[in-house]
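Residue-level structure breakdown
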Amino acid sequence: MIGKGKIIITYAIFLSCVCFSFTSFGQRTQIRGFMDVLTGFQDDKVSFTLGEQDLFITSELSDRFSFLGESVFKFTPGTPTTFSVSIERAIVKYNFMGNHNLLIGKHHTPINYWNDTYHHGRVLFPTIYRPLLFEADIIPLHTTGVSLQGQNLGNLKFGYDVMVGNGLGSDDVLDNDKRKSITAAVHIKPAEGLRIGFSWYNDEMAAGSRTHDGKLITWNVQQNLFSPSIAYFGNKIEVLAESTLATNHTDTTGSKQTFAGYIYAGLKIKERLVPYIRFDRLHFQEGEILFDKNNTTSIVGGIRYNINYLTVVKLEYQHEQTELDKNINKLTFQIAVGF
Amino acid sequence: MKGHRAPWFTVCRKYFPVLLLLGAGFMTRAQDMQLTAIGNVTGVPSAMKSSELLSVLKGEKQRWSDGTKVTIYIMKTTTPVGQSTCKKIYNWSGDKVKRYWLELAFSGKADAPTFCNTVEELESYVSQNPGAIGIVDRNSTSNGVKMILIDGKNPF
C-alpha cells in the first residue's frame, strides 16, 4: 500500500509540474498544420491524390530557449496502413546574443531559400510541386546536427548559417562514419522583398553506405555543393531562381559535375491572383555515380489564387522531358490549406 | 410589377446611402486612425524611428539593447486598430501580414506575435511582459507601460 501511495504522490507531483509548465508557457505554444489535396489529369485519366498532412509546433520554453517541431503524415506504399509518420524537424534553439542563435536537432539544411522557407508548407509554395532540384535528391534536404545562425545584421540584413551534422548515408540517431557534413550559408536582404544568398555544403560518403533513396554506394565519395540563390517577392512581381553545382569526386572516376536549377516567375495581376511559370533543368555529367543520371527539363505554367492566407488553390500544367523515361504532360489542381 | 417588389428591397434601397456613408466612414477611420506605440518599462526604448519600429514589428530584432527579449503584440487584423496597423506601419493588407508571420514562424526564424482582441488585453500583455511592444489607438495609463515616440511623435 505504501508503494502504491508513493506512486500516486509521485504522479500527482508530476502532473502538477506538467500543469504548472502548461500554464506558464502554454500561451506561447502554437500548434499549426498544413495539408493539401490534388486532382490530376495524366495519361488520359483523372486521379485524386491526398497530399501530406503536416503538423507544426513552436514553443517558447524560456526567455532564451525555444522549440520547433514538424511531423508529416504521408502516403507510403508497402507499410501496413499505407501511411507513415516522419519527423521532419525537431529543433531546440538557444538565443545566446542579439540575433545570434545556437540550434541543435534535425534541421532543414539551410542550403537555399526554398528548403529553408517552405519545405512542407504547401500553402506557402508558389507552385504545386517542389522544383526538380529537390525531387532528384541532389541536395540534402535534412541534416541532424548543430548550427550557429545569425540574421538581420546591419543595414544589409546579413544572415549566416554554419552547420555541422551527420553526413550523407547517416540517419537521425547515428552517423555512419567519422566525417561530419559542413554547411556554410550567407545571405543579404538589401531591399524589401529581396534576398540574395549563397551556400557551400561539404561531405564525404563512406563506401558501403546508402543514399537517401536506398542506393548502395561502393566508393568513397567526396561531395561539394555550391548553391547561389536569389528571391524577390514584391508587390507586383515574384522571382525565385536557385541552382546547385554539385561536384562528386571518387578516386576511380575523378570529379563529376552536376548542375540543377530552376527559375520561377509570377506576376500579381491582383493581390490574390498570380499567374506563374517555372523552368527546371537537371544536367548530369557522363560517368556520374552518386546521382541517377537522368537529364531532365521541365516547364510549368499555372495560376494561383489565394482565397485567404490559409487557403490557396492552384491550377498547373507541367511538361517534363527526361533522358530515361517518357515525356510527362499533366494538369493538376490543388487546394492547400493551413489550420 | 413595381408593386410586387419585396419589402427587403425597398428597405435596402431606402437606407443604401446611409449604409454607404457608414461603410466609407469605417474604412476611412481604419486607414487614418492615429496609432500609439507602447512598450513595457523594461527593455523597450522611449523613442525610435518609424523604420526601426517596422523592423521590430517584422521580427527582425530578437533583443533590445539591454538584452531583454522582444515580444510583439498587435491587434487582430479584423479590428479597426489592427487594420490601421497593417496599413500604416506594414503598408500591407491584413492577410499579407498574417501570411508573412506564418512564413517566418514556419521557417523558425522568429516567434509570431500575439494578436489581441481588445486594446485592454494588449495593454495588459505589454504591462506584464518585459521587452513587450504593442500598437494601440490611445494613450495608455496602465502601470508598467510607457509611450514610445516614433519619429518624435506619439500618436503618429
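Our structure is the block above this text.
These remarks concern the structure in this document. (Residues numbered from 1 in each chain as written. Chains lettered and ligands numbered in written order. Predicted model: local features only at pLDDT ≥ 70, side-chain atom pairs only at ≥ 80, totals over all residues. Heavy atoms only, no water.)

**Regarding the overall build of chain B**
To keep things clear, this is the line we draw: Only DSSP runs of H or I covering at least 4 residues are called helices, and only runs of E covering at least 2 are called strands; the numbering of each starts at the N terminus. Exposure is judged per residue with a 1.4 Å probe applied to protein chains only, and the accessible area is read against the type maximum: over 50% gives exposed, under 20% gives buried, and values in between give partly exposed. Every residue pair with non-hydrogen atoms within 4.5 Å of one another is taken to be in contact. Only the protein chains shown count as covering a residue, and every accessible area follows the Shrake-Rupley method with a 1.4 Å probe.
Within chain B one finds five helices and six strands. The linear arrangement of helices and strands in chain B, starting from the amino end, is α-β-β-α-β-α-α-β-α-β-β. The buried share of chain B, taken over its 156 residues, is 47%. Expressed as a percentage of contacts within chain B between residues at least 6 apart in sequence, the contacts between residues at least 24 apart total 71%. Accessible surface computed for chain B: about 7,900 Å², of which carbon and sulfur atoms make up 58%.

**Brief notes about the side chain of A:Asp177**
Residue and element names in this part refer to chain A. So the rule is basically this: In this tally, Lys and Arg are treated as positive and Asp and Glu as negative; His is ignored, and so are the chain termini. Just to be clear on terms, a salt bridge is a Lys or Arg side-chain nitrogen sitting within 4 Å of an Asp or Glu carboxyl oxygen. Each polar contact in these results corresponds to two N or O atoms within 3.5 Å; when the atoms are within protein, one needs to be able to donate a hydrogen and the other to accept it, and residues that are neighboring in sequence are counted only if both atoms are side-chain atoms.
For Asp-177, the location among the structural elements is in the loop between β7 (158–166) and β8 (180–188). With no salt bridge to any partner, buried Asp-177 finds its closest opposite charge in Lys-180, at an N-O distance of 6.1 Å. Engagement of the side chain of Asp-177 in a polar contact is seen with the backbone nitrogen of Arg-179, the distance being 3.2 Å.

**Topic: the nonpolar core**
To keep things clear, this is the line we draw: What makes a nonpolar core is a set of buried Ala, Val, Leu, Ile, Met, Phe, Trp, Tyr and Cys residues whose side-chain atoms join them at distances within 4.5 Å.
Within the largest apolar cluster, 43 residues are counted, with the highest numbers of intra-cluster contacts made by A:Ile138, A:Ile139 and A:Leu240. Here this core gets four residues from one element, more than from any other, and that element is strand β13 (residues 273–284) of chain A. The contact partners of A:Leu240, leaving out residues within four places of it in the chain, are A:Tyr113, A:Trp114, A:Tyr118, A:Ile230, A:Ala231, A:Phe233, A:Tyr262, A:Ile263 and A:Tyr264. B:Leu35, B:Ile89, B:Val119 and B:Ile133 belong to the second largest nonpolar core, which has 38 residues in total.

**Thoughts on the interface of chain A and chain B**
The test is simple: Buried area adds together the accessible area that both of two parts lose upon being put together, with accessible area traced by a 1.4 Å probe. Residues are grouped as follows: nonpolar covers Ala, Val, Leu, Ile, Met, Phe, Trp, Tyr, Cys and Pro; charged covers Asp, Glu, Lys and Arg; every other residue, Gly included, is treated as polar.
Listed by partner, the interface residues are 42 residues for chain A and 26 residues for chain B. Across the interface of chain A and chain B, roughly 3,000 Å² is buried in total on both sides, 41% from carbon and sulfur atoms. For chain A, the biggest contributors to the area lost against chain B are A:Arg28, A:Leu124 and A:Tyr309; these three give 22% of the whole. Counting across the interface, chain A meets chain B through six salt bridges. Taken together, the connections running from chain A to chain B amount to 17 residue pairs in polar contact (both at pLDDT 80 or more). Every element with two or more residues in the side of chain A that touches chain B is listed here: β1 (29–42), β2 (45–60), β3 (65–75), β4 (83–97), β5 (100–108), α2 (113–117) and β6 (142–153) of chain A. The greatest single-element share of the side of chain A that touches chain B, amounting to four residues, is contributed by β2(A). Taken together, the residues that form the side of chain A that touches chain B break down as 10 nonpolar, 17 polar and 15 charged.

**Overview of unusual backbone geometry**
Cis rather than trans, the peptide bond between B:Asn154 and B:Pro155 has omega equal to 5°. In this structure, B:Pro155 sits in the segment after β6 (145–150). Even without a glycine there, the phi angle at A:Asp44 is positive, about 60°. Inspection of the secondary structure assignment puts A:Asp44 in the loop between β1 and β2. For B:Asp151, which is not glycine, the phi torsion reads 50° and is therefore positive. Tracing the sequence through the fold places B:Asp151 in the segment after β6. Exposure remark for B:Asp151: the relative accessible area of 45% places this residue in the partly exposed category.

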